[in-house]
Amino acid sequence: MKKPSLCIVTPALADANNGNWQTARRWAHLLRGHYAVRLVKAWPDAKSTDDGTDILLALHARRSAASVAAWAQAHPGKPLVLALTGTDLYRDIQSDASAQRSLALAQRLIVLQEQGPQALPKALRAKCRVVFQSSTRRQTLVKTTAHLRAVVVGHLRDEKWPQTVFEAARLIGPDEGIFIDHIGVELDPALGAAARATQHDCPHYRWLGGLPHAATRSRIQRAHVLVHPSRMEGGAHVIMEAALSGTPVLASRMDGNVGMLGAVYGGYFPPGDAAALAALLRDCRRDIAQGSGKLAVLQAQCDARAPLFEPAAEKAALLAVLNELP
């Protein structure tokens, strides 16, 4: 039997190497056993809109708005699914007309963490489904008790709020046994300059720039904690990768992070509060020699969330959404 044709529209392709691309590539892989999948930057991707596509799945309400509108006009009533990013949920749908139109046109909406539906207008929540993203498990490593190794993963842009890490590094003394590695490409020159200045002034902080995904995962695996200070987030890949590596997370308490880690998680700090982040890092530093205390509690809590981020769970959730379509 011929597989239905599924077109995934992603505003970012492989050259961007960002969260949108990672999501689109993984979904294509998970769904290929059930659908004939292709990845495109915009639809239509051929000269004609009558290209045999059965379902359109678009990532990003604003950036894919033209593709969503074109599909709805060419194929009214034909299956259309829209996956929402953090900037969609927590910024664009509040004021951007094209993003709001995308929400209205889609038959199903996908959000990537369990707090996501609450950011939508009440009238749209009935067609919203939560699909947690997934990754592969990594072995939990035995880590040194001589110092605390923290890793931050996120390109240098305002939504990720790296300023919180820069300020926390300056509050921590170089002799406290806390080392911070920061991975991410300089997307904002001012933030790149701030990272370089922090590295110059604080020998316990290193900005490593962009690294390949495999190298980044290896550093997450070896770290005692992952620090995730973002101010706007739809459901961060790095949180699930940390949980699946046995590495606890210290995260800003905002919806995108709470939706990944759960409301009762103990590793939150107020968004932008560098002093609170520094205090959490010091707490974890004290705990590593004992093998108990806060760090052990956080690891147990992340371990309990990890099954949500398994590939089989993500695939089942995606198929459930697609199987609901008329």
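All figures in this text were calculated on a predicted structure; none of them were measured in a lab.

Draft legend 1. How the structure looks around the overall build of the protein. In terms of helices and strands, the protein carries 12 helices and 12 strands. For the protein, the C-alpha radius of gyration of 21 Å lies close to 20 Å, the compact-globule estimate for 326 residues. Viewed in the frame of its principal axes, the protein has a C-alpha envelope of about 65 × 40 × 35 Å. In the protein, which comprises 326 residues, the share counted as buried stands at 53%. Considering only residue pairs separated by 6 or more positions, the protein has 72% of its internal contacts joining residues 24 or more positions apart. Counting only carbon and sulfur atoms, one obtains 54% of the accessible surface of the protein, whose full area is about 13500 Å². Of the side-chain charges in the protein, 38 are positive and 28 negative, and the distance between the mean point of each set is 5 Å.

Draft legend 2. The arrangement of the sheet that holds strand β2 (residues 36-40) in detail. Taken together, six strands build an open sheet; the order of strands is β2-β1-β3-β4-β5-β6 and the sheet is parallel. Every other strand in the sheet has two partners, leaving β2 and β6 (128-130) as the edge strands with one partner each. Taking the axes of each pair of neighbouring strands and ignoring which way they run, one obtains an average angle of 20° across the sheet. As judged from the five bridges shared by strand β1 (residues 5-9) and β2, these two strands associate in the parallel manner. Each residue of the ladder has a partner; that of cysteine 7, found in β2, is arginine 38. Each of β1, β3 (55-59) and β4 (80-83) touches helix α2 (residues 65-74); the most contacted strand, β3, lies at about 160° to it.

Draft legend 3. Representation of the sheet that holds strand β10 (residues 225-228) within the structure. Strand order across the open sheet formed by six strands is β9-β8-β7-β10-β11-β12, with parallel pairing between neighbours. Across the chains shown, the open sheet's two edge strands, defined by having one partner strand only, are β9 (205-209) and β12 (268-269). For strand β8 (residues 178-183) and β9, the ladder comprises four bridges, and the chain directions are parallel. Along β9, the bridge assignment pairs isoleucine 183 with glycine 209. The sheet contacts of helix α5 (residues 163-171) involve β7 (148-153), β8, β9, β10 and β12, and relative to β8 the element is tilted by about 155°.

Draft legend 4. Main features of empty space enclosed by the protein. As enumerated under the stated definition, the model contains one cavity of 30 Å³ or more in all. Of the volumes computed, that of the largest cavity is approximately 50 Å³. Lining of the largest cavity is provided by Val152, Val153, Gly154, His155, Lys160, Pro162, His182, His228, Pro229 and Ser230. Tallied by class, the residues present in the lining of the largest cavity amount to four nonpolar, five polar and one charged.

Draft legend 5. Main features of helix α12 (residues 311-324). For α12, built from 14 residues, the straight-helix expectation of 20 Å at 1.5 Å per residue is met to within 8% by its first-to-last C-alpha distance of 20 Å. Among the residues making up α12, those that are buried are Glu314, Leu318, Leu319, Val321 and Leu322. Seen along its axis, α12 keeps its buried residues to an arc of 160°; they face one direction. Within α12, the exposed residues directed more than 90 degrees away from the buried face are Ala312 and Asn323.

Draft legend 6. Expanded view of the pairing of strand β11 (residues 249-252). Because side chains alternate across β11, one face comprises the buried residues Val249 and Ala251, and the other comprises Leu250 and Ser252, equally buried. Relative to β11, β10 is paired through three bridges, and the arrangement is parallel. Considered in β11, the bridge of histidine 228 is made with alanine 251. For the handedness criterion, the β-α-β arrangement of β10, helix α8 (residues 237-243) and β11 is classed as right-handed. Sheet analysis places β11 next to β12, joined by two bridges and oriented parallel.

Draft legend 7. Here's a closer look at the pattern of salt bridges. Counting across every chain of the model gives 20 salt bridges. Note that aspartate 51 and arginine 38 form a salt bridge whose closest N and O atoms lie 2.9 Å from each other. Taken together, the positions of aspartate 51 in the loop between β2 and β3 and arginine 38 in strand β2 put the pair 13 residues apart, joining distant regions of the chain. Aspartate 51 sits in the partly exposed class, given a relative accessible area of 26%. Residue glutamate 159 is joined to arginine 91 by a salt bridge in which the shortest nitrogen-to-oxygen separation is 3.2 Å. Highlighted residues: glutamate 159 in the loop between β7 and α5 and arginine 91 in helix α3 (residues 86-95), separated in sequence by 68 residues. On the basis of relative accessibility, which here comes to 16%, the residue glutamate 159 falls in the buried class.

Rules used throughout
Residues numbered from 1 in each chain as written. Predicted model: local features only at pLDDT ≥ 70, side-chain atom pairs only at ≥ 80, totals over all residues. Heavy atoms only, no water. Helix = DSSP H or I, 4+ residues; strand = E, 2+ residues; numbered from the N terminus. Rg over C-alpha atoms; globule rule 2.2 N^0.38 Å. Buried < 20%, exposed > 50% of the residue type's maximum accessible area, 1.4 Å probe, protein only. Contact = heavy atoms within 4.5 Å. Areas by Shrake-Rupley, 256 points an atom, 1.4 Å probe, with all protein chains shown as cover. Lys, Arg positive; Asp, Glu negative; His and termini not counted. Charge placed at Lys NZ, Arg CZ, Asp CG, Glu CD. Pairing = 2+ DSSP bridges. Axes fitted to C-alpha atoms, helices over the stretch in contact; angles between N-to-C directions. 1 Å grid on protein atoms, 1.4 Å probe; cavity = no way out; pocket = protein on both sides within 12 Å on 5 of 7 lines; lining within 4 Å. Points joined across faces, edges and corners; volume = space filled by probe spheres on them. Nonpolar A, V, L, I, M, F, W, Y, C, P; charged D, E, K, R; others polar. Expected span 1.5 Å × (residues − 1). Arc of directions from axis to C-beta. Right-handed = clockwise from strand over helix to strand, strands pointing away. Salt bridge = Lys/Arg side-chain N within 4 Å of Asp/Glu carboxyl O.

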